[in-house]
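Spelled out from the first residue to the last, the chains are:
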Amino acid sequence: MRYLYAKITFCLFFCFLATATFAQKDFTNNATMRIGWWNLENYFNPQDDSIKFDEAFTPDGSNHFTYKRFYLKRDNIYKTIVALGQGDMPAIMGFCEVEDEWVMRQLCFNTPLRKYHYHYVHYESPDRRGIDNALIYRPDRFTVLYSKPISVAKADDSTFFTRDILLVSGVTYQGDTLFVFVNHFPSKLGGDVAEVRRNYVASMLKHSVDTVMQKHPNSGVIIMGDFNDSPFADCIVKHLGVGPDKADWERNTIINLVADKPAGTGSYKYQADWSCIDQIMASKNMVVESDFPLYIKNQTAIIFDADFLLIDDPKFMGKKIFRTYIGGRYQGGFSDHLPLYIDLIKK
């Protein structure tokens, strides 16, 4: 069955790509930059790393993650990035669930993405499974000036090992400065303890964002990630300080660009419910009228729900995401999350 899915997927992908390439789109002009986010669902190196709990994603592990499966996963990722570009390849893409530098080299240099000269930013984090945040960028559209991992370790919780926040700053090809924060908040496994940890990471992110905005008030800030919670959750509203409603925009310094999504839509599906746990936010100077020379098209982020990323959901009706694995069962799909993107337009 998965081979039939694979054939259908490739047909849908190339049909979609052909349509997107020849369509008349206003974002293909030189005044626009597309910036995306995607949780890659266990983009692992099949080689066992002795200091990580990654044994399940090795050829001999419980998921039988062979190099053949890795290369299909890698190629599915690059094809999705091409399709998401819709004729103009993204200037920046942020990712989570990336294991190491090797998998990033594979994506940037061993797929057709290499003709766009993508570079990557990646740091090893203390997550015990070995999954990290990463970012790729086109040097012709964005020049990286500085990057660092921001530790979110808790001095009073010796059992808390999670991925660092990734901060990347740089200058667009139009000369505007951006600071990009890439996040993967703790999951909901663990109940109240996990919620406390998400709230803590959100407060650490807020501190870093506030520091950047105080030091660089004439720059743009983009926050992206899998927050493992909705735009209306305490970790976002109370601890990060980003209210979900347009009524909050006056007092907010950061605007959540997915809070406007209607019920029943989202980037992640659990059983019958879609949710927006993947989010992109931006500094207010890129969302409302200001002197900053870049603004976000339509003041919103787009969920990229191309047909090839979805399959029928016979149990809960409608569609579900075409995943790489469901539990320990291999599907050969793309990810368990849908990508998001925004378009930055030069005024």
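Given the structure is predicted, the values throughout are model-derived calculations rather than measurements.

### Observations regarding the overall build of the protein
Point 1. From N to C terminus, the protein includes five helices and 19 strands.
Point 2. Over its C-alpha trace the protein gives a radius of gyration of 19 Å, about what one expects of a compact globule, namely 20 Å for 347 residues.
Point 3. Considered along the principal axes of its C-alpha atoms, the protein spans approximately 55 × 55 × 40 Å.
Point 4. Sorting the 347 residues of the protein into buried and exposed places 55% on the buried side.
Point 5. Sequence separation of at least 24 residues holds for 70% of the intrachain contacts in the protein that already meet a minimum separation of 6.
Point 6. In the structure as shown, the protein presents an accessible area of about 15300 Å², 54% of it carried by carbon and sulfur atoms.
Point 7. Across the protein, the 39 positively charged side chains and the 41 negatively charged ones have centroids separated by 4 Å.

### Thoughts on the nonpolar core
Side chains of nonpolar character tend, in soluble globular proteins, to be buried together.
Point 1. Counting 74 residues, the largest nonpolar core has Ile81, Phe95 and Leu344 as the members making the most contacts within it.
Point 2. No other element matches helix H2 (residues 67-85), which puts seven residues into this core.
Point 3. When residues no more than four places from it in sequence are discounted, the contact partners of Leu344 are Ala31, Thr32, Met33, Ile35, Leu178, Ile222, Met286, Leu294, Tyr295 and Ile296.
Point 4. Counting 23 residues, the second largest nonpolar core, distinct from the first, contains Phe179, Cys235, Ile254 and Met281.

### A short note on the pattern of salt bridges
Charged atoms that come close allow side chains of opposite charge to pair.
Point 1. This model, assessed by the stated rule, comprises 20 salt bridges.
Point 2. The closest approach of N and O atoms between Asp75 and Arg74, which form a salt bridge, is 3.0 Å.
Point 3. The exposure class of Arg74 is buried, given its relative accessible area of 10%.
Point 4. Residue Asp313 pairs with Lys269 through a salt bridge whose shortest N-O separation is 2.8 Å. With Asp313 in the loop between strand E15 (310-312) and strand E16 (319-321) and Lys269 in strand E10 (residues 268-270), the pair connects residues that are 44 residues apart, well separated along the chain. Across the pair, exposure class does not vary: Asp313 and Lys269 are buried alike.

Calculation notes
- Residues numbered from 1 in each chain as written.
- Predicted model: local features only at pLDDT ≥ 70, side-chain atom pairs only at ≥ 80, totals over all residues.
- Heavy atoms only, no water.
- Helix = DSSP H or I, 4+ residues; strand = E, 2+ residues; numbered from the N terminus.
- Rg over C-alpha atoms; globule rule 2.2 N^0.38 Å.
- Buried < 20%, exposed > 50% of the residue type's maximum accessible area, 1.4 Å probe, protein only.
- Contact = heavy atoms within 4.5 Å.
- Areas by Shrake-Rupley, 256 points an atom, 1.4 Å probe, with all protein chains shown as cover.
- Lys, Arg positive; Asp, Glu negative; His and termini not counted.
- Charge placed at Lys NZ, Arg CZ, Asp CG, Glu CD.
- Core = buried A, V, L, I, M, F, W, Y, C linked by side-chain atoms within 4.5 Å.
- Salt bridge = Lys/Arg side-chain N within 4 Å of Asp/Glu carboxyl O.

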